Structures are given as structure tokens and as C-alpha cells.
Amino acid sequence: MCTVCGCGQGETKIEGQTHVHGSGHAHTHADGTTHSHSHNHEHHHDRPHHYGLGPAHAHAPGLSQARMVRIEQDILGQNNRHAAANRQRFREHGQFAVNLVSSPGSGKTTLLVETIRRLGDTTPLAVIEGDQQTQFDADRIRATGAIALQINTGKGCHLDAHMVGHALDTLDLADDSLVLIENVGNLVCPAAFDLGEAHKVVILSVTEGEDKPLKYPDMFHAADLMLLNKIDLLPHLRFDVARCMEYAHRVNPNLVVIQVSATSGEGLDAWIAWLRHGMEHAQAIRLETVAALKQRVAELEAQLRTT
Amino acid sequence: MHEMSLAENILQIVEGAALDQGLQRVTEVRLEIGTLSGVEPEALRLCLEIVFKGSLAEEARVELIEIVGKGWCLSCQTEVTLHALYDPCPQCGKYPVQVTGGSEMRVKDLLAE
């Protein structure tokens, strides 16, 4: 398995191409074929004996030579470093990235297709699709005319920041683009994996049951926005919207909720406005950075002229 | 959750430390896992057993140190113990309680030769 992605080596595919790492990445294969370790645990006379470095700092011979090594590292530190690089990249290019998470069948892809249609041709955007298998979702997005890239995670249950970084390399997006990342349909694992996005958006459909925020609290805790989808079906269901929102706010008091229907179009204006606001903010930060850099260059040039 | 990915990340951290510090064999790995982190301790143990096989940590004992969940009750304006993300404040019974601790997943230290 690839320890960089945490996914099955050779299973992660970007646009059907096997995901291969460049040199410098450590690989550990689950079957042990290319992973070799020395199992020689005998005395190594080329290394000094650190009697005083044992856990008890014992200086007497015969006591354990084991020593304590402080690590204090976040288990997801590697993913978080990749996420930070992605976030930096989004920031520099004024791109607004959202990580869309939900259970399978919540209507994510349909909602995305409708979102892209409403944003129109003038909005620069791309979709990164994560699924274990198939190109179906990317094909549906491409049918709208938008740029889409499919990541197949193989046995992996979530996208991680490293995979998204590779996808960004491939996409080479325009400045100020909207980046919609549709995660693997799973309300559990994607909660823990930061991809470098500005916000996680959790999509819950009213056909799923109003207690999902309590059953899968991690995801609702990690999200900043909840889209309550398929509300056109409410007349046919016993779904208590107020109770669902109360449960969601128990887990995450700051969660913003927008009720939408990709089919009837209800609530989509508010969702589109939320996206546009995010895009404007991301662009403003880029322009501020550019303006600050230009000013700095002008100052340096002025200094050069006077000296 | 995704304990297999976590186990692989743990091995990567252990192997990185071994490379840096010239460790031959790891005999114990201590992990700090918060009760609100979503990690299933027994599943993580099983995954570590699989992932450590054939590595320098093959025989390592795994110790899981539980970090108790903590939160800030907005009503009481005080820190309280939390057993789950959606629990009400144990003092006043109200929501919401903002999580302040217990979501940690860290490799604390190793015992190695």
C-alpha cells in the first residue's frame, strides 16, 4: 500500500491512469514484495551502547537498552501538510474550493449539474470527482460543458489531500476558479481528511432520516454548510425539518443550513449566492496579495533609483 | 472509520523516526487518541498488527492513551467533560457545547533499540 496516500498502491487512479509517485516517496507494500527490512536484531558493534539512554536512564549493564524516542506527531500530519500546500495554492490563485461530502445517493452529482448550469459559462470552474470505481460522475459533469476530473480511490473510502494535489497538477486551473470537490459517498471517513478546501459542505437529503447528524456527528461537526436536499419530496415524507436542524446544531452550533431541491430549483439561489460570495472573497484576497507585491516592487525600484 | 489509513500513517511516522535516529527495532509505540476523534481503538490495534508485519515495529507493543473529550459550555461559560460530540452540557443540560479537546490522534513516543 502507498503510505503517502493511505490508499491501495496501484488502486488510486486519476482519469483511469494508475497513480505513480515520483522518486522521493516512501512506499510500503502490504504484500511485502518490495519492502525489505533488516531482521538482524543481534548485537551491532558498529553502534555504541547507550546504557544511559534507556527509559530508566540506567547506567548499569544488563538492563534494557531500549530508549524512549519522543515523537509528538499528528497521525494525519502528512495529509495535513499536503492540505496546507493545496490551500496555499488555492489562495495564491484566488480559487474557492469546497469539499462536498454526503452519504451515497444524497443527490450530490445532480445538485452539482444544476449548480453548474445556473452558474453559467462565464464562471470559471472545475469539478474533482471522487469515487471508488467508474467515470460515471465525471462524465455527467462533462456533459454540462464543465471541466471534470475523476479520481478513483480503489478500495479507499475517502479522498485525501495528496490525491487532490495531483488532480490540481493535472487540471492547471485558471485564477479565480471555483473548485468543486465531490468526495466519495461516505459520511464517516472524509470528515477527518482535510483537502485544503475553504469549506466542507455536507449534503443531506430528506429521504435519509432527520437523525443523521446525530448518527454521523463527525461529518456535521466538520462541515460549515449543510445543504438539505430533495425538499420537493417533503410532502410525501415524514421528515421533520426543524428537528433535523436542531440535531445538526447540537453537533455544530455554527452550521449554516440552506434547504434546496435540485429538481424544483427551490433554494438554489441562496446556494449559488453562497458560492459566489466565497469566490469573490477568494479573488479579493488574491488581488490584495498582488497589490501588496506590486507596491513592494515599486518601493524597491524607487530605492534603486535613489541609490 | 479509516483505521487502515491511520495505521499506515503511524508506520510511516515510526519508520521516519527510525531513519532519523538510527533505530533498529521498535518495541513499543504509544499513541494518544482522543475519545472524540472517531477512532475505534480495537480496529486500530488490528490494523496496526497487519501494517506492522514485516516492519521494524513487527513486535511492538501498542499502547493507546485515551484523551478525554472536553468542551466549553456556552451557557455555563465553563469547561466540561464531553463523552460524545453531540452531548449536552453535563452541568446545565443545554446545547451547544464547543469541543475544546479530545479530537487528538498523535504518535506520542516510541521505545526502541
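Structure shown above.
Residues numbered from 1 in each chain as written. Chains lettered and ligands numbered in written order. Predicted model: local features only at pLDDT ≥ 70, side-chain atom pairs only at ≥ 80, totals over all residues. Heavy atoms only, no water.

Caption draft 1: Just unusual backbone geometry, in detail. Residue Tyr95 of chain B is joined to Pro96 of chain B through a cis peptide bond whose omega torsion reads -5°. Even without being glycine, Thr134 of chain A reaches a positive phi, approximately 75°. Within the secondary structure, Thr134 of chain A sits in the loop between β5 (125–131) and α3 (136–142). Judged by its relative accessible area of 34%, Thr134 of chain A is partly exposed. For Gln77 of chain B, which is not a glycine, the phi torsion comes out positive at approximately 60°. (Helix = DSSP H or I, 4+ residues; strand = E, 2+ residues; numbered from the N terminus. Buried < 20%, exposed > 50% of the residue type's maximum accessible area, 1.4 Å probe, protein only.)

Caption draft 2: Spotlight on the pairing of strand β8 (residues 199–205) of chain A. Residue and element names in this part refer to chain A. Counted residue by residue, β8 has six buried out of seven residues, so it is predominantly covered. Inspection of the sheet shows strand β4 (residues 96–102) paired to β8 by five bridges, in the parallel sense. Looking across to β8, one finds that Asn99 is bridged to Lys200. Bridge analysis of β8 against strand β9 (residues 225–229) gives five bridges, and the strand direction is parallel. What sits directly across from Leu204, in β9, is Leu228. (Pairing = 2+ DSSP bridges.)

Caption draft 3: Expanded view of helix α7 (residues 241–251) of chain A. Residues and elements named next belong to chain A. Along α7, the positions that sit buried rather than exposed are Val241, Cys244, Tyr247, Ala248, Arg250 and Val251. Along its buried surface, α7 packs onto β8, α5 (212–215), α6 (217–222), β9 and β10 (256–259). For α7, the N-terminal cap is Asp240; the gap from its side-chain oxygen to the backbone nitrogen of Ala242 is 3.2 Å. (Contact = heavy atoms within 4.5 Å. Polar contact = N/O pair within 3.5 Å; in protein donor to acceptor, adjacent residues only side chain to side chain.)

Caption draft 4: Region of the structure containing the interface of chain B and chain A. Each partner contributes to the interface: chain B provides 43 residues, whereas chain A provides 42 residues. Interface area for chain B against chain A, summed over the two sides, is near 3,800 Å², with a carbon-plus-sulfur share of 59%. Seen at the junction of chain B and chain A, the total is two salt bridges. With a shortest N-O distance of 3.3 Å, Glu72 of chain A and Arg106 of chain B are connected by a salt bridge. (Buried area = accessible area lost by both parts, 1.4 Å probe. Salt bridge = Lys/Arg side-chain N within 4 Å of Asp/Glu carboxyl O.)

Caption draft 5: View of the sheet that holds strand β1 (residues 26–34) of chain B. Taken together, the four strands give an open sheet; going across it, the order is β3(A)-β6(B)-β1(B)-β2(B), and neighbouring strands pair in mixed fashion. In this open sheet, the two strands that pair with only one neighbour each are β3 (67–74) of chain A together with β2 (61–67) of chain B. Here the average twist between neighbouring strands, direction ignored, is 20°. Where helix α2 (residues 41–52) of chain B meets the sheet, its contacts fall on β1 and β2 of chain B, and the angle it forms with β2 of chain B comes to roughly 150°. (Axes fitted to C-alpha atoms, helices over the stretch in contact; angles between N-to-C directions.)

Caption draft 6: Summary view of the environment of Gln17 of chain A. Residue and element names in this part refer to chain A. Along the chain, the position of Gln17 falls in strand β2 (residues 17–18). In this structure Gln17 comes out as exposed when scored by relative accessible area, which is 56%. C-alpha separation for the pair Gln17 and Gly267, spaced 250 residues apart in sequence, amounts to 38 Å.

Caption draft 7: Structural detail: the sheet that holds strand β5 (residues 97–101) of chain B. Residue and element names in this part refer to chain B. Ordered in space as β4-β3-β5, the three strands form an open sheet in which the pairing is antiparallel. Single-partner strands in this sheet number two, and they are β4 (78–82) and β5. Between one strand axis and the next, the sheet turns by 40° as a mean value, whatever way the strands run. Where strand β3 (residues 69–73) meets β5, four bridges bridge the pair, whose relative direction is antiparallel.

Caption draft 8: Region of interest: the packing of helix α1 (residues 3–21) of chain B against α2 of chain B. Residue and element names in this part refer to chain B. With their axes 8 Å apart at the nearest point, α1 and α2 run at an angle of 50° to one another. When the axis of α1 is compared with that of α2, the two are oblique. Considering only the axes of α1 and α2, their crossing is right-handed. Across the interface between the two elements, Glu3, Met4, Leu6, Ala7, Glu8, Ile10 and Leu11 from α1 touch Ala43, Leu44, Cys47, Leu48, Ile50, Val51 and Phe52 from α2. Looking at side-chain class alone, the contact of α1 with α2 contains 12 nonpolar, no polar and two charged residues. (Parallel < 35°, antiparallel > 145°, perpendicular 65-115°, else oblique. Left-handed = near helix turned anticlockwise from the far one by under 90°. Nonpolar A, V, L, I, M, F, W, Y, C, P; charged D, E, K, R; others polar.)

Caption draft 9: Inspection of the pattern of salt bridges at higher detail. A full pass over the atoms with the stated rule returns 25 salt bridges over all chains. Taking the shortest distance from any N to any O, the salt bridge between Glu72 of chain A and Arg70 of chain A comes out at 3.3 Å. Among the salt bridges present, the one from Asp211 of chain A reaches Lys215 of chain A, with a minimum N-O distance of 3.5 Å. The network of salt bridges with shared partners includes Arg70 and Glu72 of chain A together with Glu32, Arg106 and Lys108 of chain B.

So far we have only geometry, and geometry alone does not tell us how the molecule works.
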